[in-house]
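# Inside the fold
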Amino acid sequence: MTTGQKLKLIRKELRLTQEEMASQAGISQQAISAIEGDRGEGMSMDLLRRLVVNFKVNPYFILLDLSTEPKFAGPQNELRKKLNQYEKTIDKLIELRQK
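Presented here is a report on the structure given in the accompanying data block. (Residues numbered from 1 in each chain as written. Predicted model: local features only at pLDDT ≥ 70, side-chain atom pairs only at ≥ 80, totals over all residues. Heavy atoms only, no water.)

This brings us to the pattern of salt bridges. For the coordinates displayed, the defined rule picks out 3 salt bridges. Measuring nitrogen to oxygen at the nearest pair gives 2.8 Å for the salt bridge that ties Asp46 to Arg49. Placement of both Asp46 and Arg49 in helix H4 (residues 45-55) is noted, with a separation of 3 residues, approximately one turn of the helix. According to the relative accessible area criterion, Asp46 is partly exposed, its value standing at 35%. Classification of Arg49 as partly exposed rests on a relative accessible area of 47%. Of the charged contacts, one joins Asp46 and Arg50 as a salt bridge, the two residues approaching to 2.8 Å between their closest N and O atoms. Taken together, the residues Asp46 and Arg50, both in helix H4 and 4 residues apart, mark about one turn of the helix. Arg50 sits in the partly exposed class, given a relative accessible area of 23%. (Salt bridge = Lys/Arg side-chain N within 4 Å of Asp/Glu carboxyl O. Helix = DSSP H or I, 4+ residues; strand = E, 2+ residues; numbered from the N terminus. Buried < 20%, exposed > 50% of the residue type's maximum accessible area, 1.4 Å probe, protein only.)

Shown next, in the form of structure tokens:
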């Protein structure tokens, strides 16, 4: 899943339009559209910080591709396994929240 796809998923989960998310994050709707469309320079660290603060977004969800197999040996594998478990827990909580 691309960064743009992740941002769109978050926005849809929050039931926000691009305009509403942009306004609350303090950026333009065009910037949200470009990121969601995987156009331009992508997501800045400043926008990531704003998503974490304003929308309580898990930064690991945006930064890491947890759908792939671990590429590192040793302790990194354990970290990736824990992050995968965390992502599954988040998915379950979102699913329960929607019911």
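Don't stop here, the text continues.
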